[in-house]
Amino acid sequence: MIKISDLHASIEGREIIRGIDLEVRPGEVHAIMGPNGSGKSTLANVLAGREAYEVTQGSVEFLGKDLLELEPEVRAREGLFLAFQYPVEIPGVSNTYFLRVALNEIRRHQGLDELDALDFLELVRTKVRELHMREDLLERQLNTGFSGGEKKKNEILHMAVLEPKLAILDETDSGLDIDALRIVADGVNALRAENRSFIVVTHYQRLLEYIVPDRVHVLSEGRIVRSGGSDLALELEEKGYGWVQEEQA
Amino acid sequence: MSDKTHLSEDEQHLEDLTNADYKYGFVTDIESDSLPPGLDEEVIAAISAKKNEPPFMLEFRLRAFRKWQQMEEPDWAKLKIDPVDYQAISYFSAPKKKDGPKSLDEVDPELLETFEKLGIPLGERERLAGVAVDAVFDSVSVATTFKEKLTELGIIFCPISEAVQNHPELVRKYLGSVVPTGDNFFSALNSAVFSDGSFVYIPKGVRCPMELSTYFRINAQNTGQFERTLIIADEGAQVSYLEGCTAPMRDENQLHAAVVELVALDEAKIKYSTVQNWYPGDKNGKGGIYNFVTKRGLCAGRASRISWTQVETGSAITWKYPGCILKGDDSVGEFYSVALTNNFQQADTGTKMVHIGKNTSSTVISKGISAGQGQNTYRGLVEIHRGAEGARNFSQCDSMLMGDRCGAHTFPYIDVRNPKAKVEHEATTSKISEDQIFFCQQRGIDLEEAVSMIVNGFCKEVMSELPMEFAVEAQKLLGVSLEGSVG
C-alpha cells in the first residue's frame, strides 16, 4: 500500500521528521504513537501533501506511484485520506454539497461515472445511518458551528463516503467523549477491508482498545524508536513515553 | 457620500423643470451619424433633436447640463483615479457599423475560454464578443413571444427612447423623480446626455409573469455608456428585473455613468438584480472601465418593497450605492451585495437607506472580497428621519481578504433622528485560510475549485437572493474572476 523510506521533512528550516522507514500492506492497521512534538502530526500532513512542510530526503511510494510528486488533490483522488486533527469550518458550503463535489472528483479521476444529486443523497443517507450519526449533519454548513465531537464524526462520515484506500487518522480521538469515541471507532472498524489500510495517529492507548492495530510504532524526535504488536500500546500505557525515550538514550 | 437626497427638493425641482421656459428651441440639423467629441448646450440640443424628443426632454437635459457644469467631480476618498477628459468623449454615435470581428475565429481566444468556463450559450458568445451578426435568432424569437404576452397584460417594456415617444406622460412624470438631475456629478451628466436604456411600467395589480432582462429587449445593443433605466410598479404590481450579464463585456468607452430609477407605489414590489462584469483592465491595472452608477429606488407607496441584489466583479473602478428611499409607511428596502476586486480593481460600493415613513424597515447584507492588490470599500448610509416611528435597520458587512496586498474598508454612516428607531450593524473581516484550501484539496478538490467554493460559501446569503438561472452563472463568475489569485 504505502512504503516510506528514510523520510526527512522540515518546516521553516526546522527538521521534524528525521528518517522514517515504514511499510503498511493492504488490509493492515498501523498505529503511530508518541509524545507531543514527536512528529506524529507532521508525518500525517507530509503524507497528505501540506505545502508548509518540505521533504528534504527520502521517498514515499503509494500504490506504485511516487507520492511526493503528486499534488495534494491528486493524492486524495488516488485514494489517500487524512482525517484532520482540527477539521476546518467552511461557512456557507453545505456538507452534502461539499462531499458530492469531492466524491465526484475522485470518481472521475478513477474513471467512474459521476453521481447526480439524488443518487448521492441516497448514498450519503445510507452511510449516515450505518454510522449511527444524525442526519442533520448533512444539511448543515461544513463543520460550521459543529462541536469538537461533531467535527470528528464528520471526518469519519467523509471517509466512509469517499472510501479511500489508505486512511490516515490524525488524533481523531482527541477531545472525544466515550460515546463519540465508540462511534468513530465503529466507523473505522466497519471500513476495515482486505484492500484498505489505516494509519492511526494517537497520543493515547484508549482508541486502540476499540481499533485494534496490527502494528504499533512509537515515534520520538522524528524517528520510529520502537515497533511491535498491539501489546506495545498497553506496555506504553503502563510505563509512559519516558520509558522508550530513556531506552533510546 | 457626495450625493444628497431630499425628497421635497426633488419635488420642487420637478416643478421648476416642468414650468421652465423653453429657451433653446432651435433644431440643429446634423448630417453625420455621430457628433464630434465635446459637450456644450448645442451638442445636447443636437442629441435631443436626433432622437426627435419632445420639448420637455430637452429642458430636462439642459437643466441637468447646467447643474453639471457647476458641479465638481466627487472627492475620491478611497479611490485612485486618473482624471477623465469629458470634452474628449463623443456623446452621440449611431449604432456601430459592422466592423467587428467577422466570426468567433477572429476573437481573442482568452475571451472565448472565459465564455466556455461560464457556460455562455454559443449564440450569446457572438453577440458579446462583438461579432457582427444581424440578429441572434433564438433570443429574437423568444423576445417577440414574450413581448406579446407582456402587452396583453398592459406591461410596457421597451427602450426608454421609445417610451419618450409613445408614453411621454409617464416619462415626464417619473424621470428624475427619484434621482434628480442635480443629484450628483455623474447623474447630472447622465441626465444631460443619456442615449438609451430600459423603460418598464407594470400596471395596477399586475404581477409580471417573467423575469425582465435587457437580454430579451429587442434593440438592446449599444445602449451606450450613459444608460438610463426607469421602472415603475403601480399599486400592487410586482416585477423582477435582471440587468447585465456574467460574460466579460468589452467596450471601448472607458467611462460608464448609468442612472437607474425605481418607483414602487402602494404595495408594489420591485426586485432589481445586477451582475456586473465590465472589463476590469489587465493584470497590471491597465485599461478597464470606470463604472460610476447612480441607482435609487423610491418606495413611494404604503407597504411597498424594493430589493437590490448585485454581484459586482468587473470594471477597473466601481462606484455605486443603490439605495432606497422608504417614504411610504411600512415600506421595506433591501440591499444584497457581493463586490469582488482582483489585481488592481477598486470598488467603492454600498447602499443608502433613507427611512421617512413609519414602521419602515431595511436590510443590508454586503460581502466584499479582495484579492491581488484589489481595494474594496463598503460605504453605507442609514438615515432615519424624525417622523420614522418604529423604523428598523439591520446591516451586516463582511469582508474577505485573499493574500496580503489587498485591502478592505468599511464606512458605515448612521444618522438617526427618531429615538425609537432600531439600528443594528455587524461587521467582520476574515481571511481565506490555507487550512481551508488544504482541507478541500485533501478531499480531492483542486485549488481553483476550492477557492471558488469557499468564496461562494462566503457570499451565500447574497447569491440566494438572485433568481435561479442568474445565481448559477454568478457562482461560476466568482470562481473565474479569482483565477490565479491564490497559490
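Here goes a summary of the coordinates provided. Here the structure is a predicted model, which is why all the values come from computation and not from measurement. (Residues numbered from 1 in each chain as written. Chains lettered and ligands numbered in written order. Predicted model: local features only at pLDDT ≥ 70, side-chain atom pairs only at ≥ 80, totals over all residues. Heavy atoms only, no water.)

1. Description of the overall build of chain B
Scanning chain B from terminus to terminus reveals 13 helices and 20 strands. Taken over 487 residues, chain B has a buried fraction of 56%. Pairs at least 24 residues apart make up 85% of the contacts formed inside chain B by residues separated by at least 6 positions. A total of about 20400 Å² of accessible surface is found on chain B, and carbon and sulfur atoms cover 48% of it. (Helix = DSSP H or I, 4+ residues; strand = E, 2+ residues; numbered from the N terminus. Buried < 20%, exposed > 50% of the residue type's maximum accessible area, 1.4 Å probe, protein only. Contact = heavy atoms within 4.5 Å. Areas by Shrake-Rupley, 256 points an atom, 1.4 Å probe, with all protein chains shown as cover.)

2. Digging into the sheet that holds strand β18 (residues 392-401) of chain B
Residue and element names in this part refer to chain B. Taken in spatial order, the eight strands line up as β3-β5-β8-β10-β13-β16-β18-β20 in an open sheet, and their pairing is parallel. In this open sheet, the two strands that pair with only one neighbour each are β3 (212-213) and β20 (422-431). The pairing of strand β16 (residues 361-370) with β18 spans ten bridges and is parallel. Its bridge partner being in β18, Lys367 is matched across the sheet by Asp398. Where helix α13 (residues 468-481) meets the sheet, its contacts fall on β5 (238-244), β8 (269-276), β10 (305-312) and β13 (332-341), and the angle it forms with β8 comes to roughly 30°. (Pairing = 2+ DSSP bridges. Axes fitted to C-alpha atoms, helices over the stretch in contact; angles between N-to-C directions.)

3. Focus: unusual backbone geometry
The residue His132 of chain A is not glycine, and still its phi comes out positive at about 60°. Tracing the chain through its elements places His132 of chain A in the loop between α4 (117-130) and α5 (136-139). Look at His132 of chain A and you get exposed, because its relative accessible area is 64%. The residue Glu267 of chain B is not glycine, and still its phi comes out positive at about 60°. Tracing the backbone through its elements, the reader meets Glu267 of chain B in the loop between β7 (259-264) and β8.

4. Brief notes about helix α2 (residues 41-50) of chain B
All names here are of chain B. For α2, the tally of buried residues reaches seven of ten residues, placing the bulk of the element in the interior. When we look at burial in α2, the residues that qualify are Glu41, Val43, Ile44, Ala45, Ala46, Ile47 and Ser48. Considering only its buried residues, α2 is in contact with α3 (55-70) and α9 (185-193). Capping of α2 at its N-terminal end is provided by Asp40; its side-chain oxygen lies 3.1 Å from the backbone amide nitrogen of Glu42. Residue Asn52 follows α2 closely and has a positive phi angle near 55°. (Polar contact = N/O pair within 3.5 Å; in protein donor to acceptor, adjacent residues only side chain to side chain.)

5. Let's talk about the interface of chain B and chain A
On the chain A side, the residues contacting the 18 residues of chain B number 32 residues. For the pair chain B and chain A, the two sides together bury roughly 2000 Å², of which 65% comes from carbon and sulfur. Looking at the side of chain B facing chain A, the largest losses of area belong to Phe438, Phe439 and Arg443 of chain B, adding up to 36% of the total buried there. Put simply, chain B and chain A have two salt bridges between them. Here Asp435 of chain B and Arg50 of chain A are joined by a salt bridge, their closest N and O atoms 2.8 Å apart. The interface formed by chain B and chain A holds nine residue pairs in polar contact (both at pLDDT 80 or more) in total. (Buried area = accessible area lost by both parts, 1.4 Å probe. Salt bridge = Lys/Arg side-chain N within 4 Å of Asp/Glu carboxyl O.)

6. What about the pattern of salt bridges?
Residue and element names in this part refer to chain A. Within the structure shown, the criterion is met by 28 salt bridges over all chains. With its nearest N and O atoms 3.9 Å apart, the salt bridge here joins Glu105 to Arg108. With Glu105 and Arg108 both in helix α3 (residues 95-109) and three residues apart, this pair spans about one turn of that helix. Taking the relative accessible area as the measure of exposure, Glu105 reaches 10% and is therefore buried. Linking Glu235 and Lys239 is a salt bridge whose minimum nitrogen-to-oxygen distance equals 3.4 Å. Remark: Lys239 and Glu235 occur in helix α9 (residues 231-239); sequence separation between them is four residues, near one turn of the helix.

7. Quick word on the sheet that holds strand β4 (residues 53-62) of chain A
Residues and elements named next belong to chain A. In space, the four strands of this open sheet follow the order β2-β1-β4-β5, with antiparallel pairing throughout. Looking at strand neighbours, the two that pair on one side only are β2 (14-24) and β5 (65-66), the edges of this open sheet. Inspection of the sheet shows β4 paired to β5 by two bridges, in the antiparallel sense. Across the sheet, Glu61 pairs through a bridge with Asp66, a residue of β5. Taken strand by strand, helix α1 (residues 40-48) contacts β1 (2-11), β2 and β4, and its axis lies near 110° from that of β1.

8. Considerations on the packing of aromatic side chains
Residue and element names in this part refer to chain B. Across all of its chains, the model carries 16 aromatic pairs over all chains by this definition. Each ring, one from Trp68 and one from Phe185, has its centre 5.5 Å from the other, and the planes form 45°; the classification is tilted. Of this pair, Trp68 sits in helix α3 while Phe185 sits in helix α9, and the two are 117 residues apart along the sequence. Its relative accessible area of 8% is what places Trp68 among the buried residues. (Phe/Tyr/Trp six-rings, centres within 6.5 Å; stacked < 30°, edge-to-face > 60°.)

9. Digging into a negative patch on the surface
All names here are of chain A. Together, Glu23, Glu61, Asp66 and Glu69 make up a negatively charged patch on the protein surface. Structurally, Glu23 is set in strand β2. For Glu23, a relative accessible area of 40% corresponds to the partly exposed category. (Patch = residues over 30% accessible without salt bridge, like charges linked within 9 Å, V, L, I, M, F, W, Y side chains within 5 Å. Lys, Arg positive; Asp, Glu negative; His and termini not counted. Charge placed at Lys NZ, Arg CZ, Asp CG, Glu CD.)

10. Digging into the environment of Thr274 of chain B
Residue and element names in this part refer to chain B. Mapped onto the secondary structure, Thr274 falls in strand β8. As for Thr274 and Ser304, which are separated by 30 residues in sequence, their C-alpha atoms are 20 Å apart. Those residues within four positions of Thr274 in sequence are excluded, and the remaining contacts are Glu243, Lys295, Thr309, Gln310, Val311, Glu312, Lys320 and Phe470. A polar atom in the side chain of Thr274 sits 3.2 Å from the side chain of Glu243.

11. Considering helix α10 (residues 434-442) of chain B
Residues and elements named next belong to chain B. Across the nine residues of α10, seven count as buried, placing the element largely inside the fold. Of the positions making up α10, those classed as buried are Gln436, Ile437, Phe438, Phe439, Cys440, Gln441 and Gln442. Backbone geometry just downstream of α10 places Gly444 in the positive-phi region, at approximately 100°.

12. A closer look at the side chain of Ser197 of chain A
All names here are of chain A. Along the polypeptide, Ser197 turns up in strand β8 (residues 197-202). The exposure class of Ser197 is buried, given its relative accessible area of 0%. Of the polar contacts made by the side chain of Ser197, one reaches the backbone oxygen of Arg25; its length is 3.0 Å. Residue contacts for Ser197: discarding those within four places in its chain leaves Met1, Val24, Arg25, Pro26, Gly27, Glu28, Lys165, Leu166 and Ala167.

13. What about the packing of α10 of chain B against helix α11 (residues 447-458) of chain B?
All names here are of chain B. In the contact formed by α10 and α11, the axes pass within 9 Å of each other and the chain directions differ by 120°. One element, α10, and the other, α11, form an angle in the oblique class. Crossing geometry of α10 relative to α11 is assigned as right-handed. Facing Gln436, Ile437, Cys440 and Gln441 of α10, the residues of α11 in contact are Leu447, Ala450, Val451 and Ile454. (Parallel < 35°, antiparallel > 145°, perpendicular 65-115°, else oblique. Left-handed = near helix turned anticlockwise from the far one by under 90°.)

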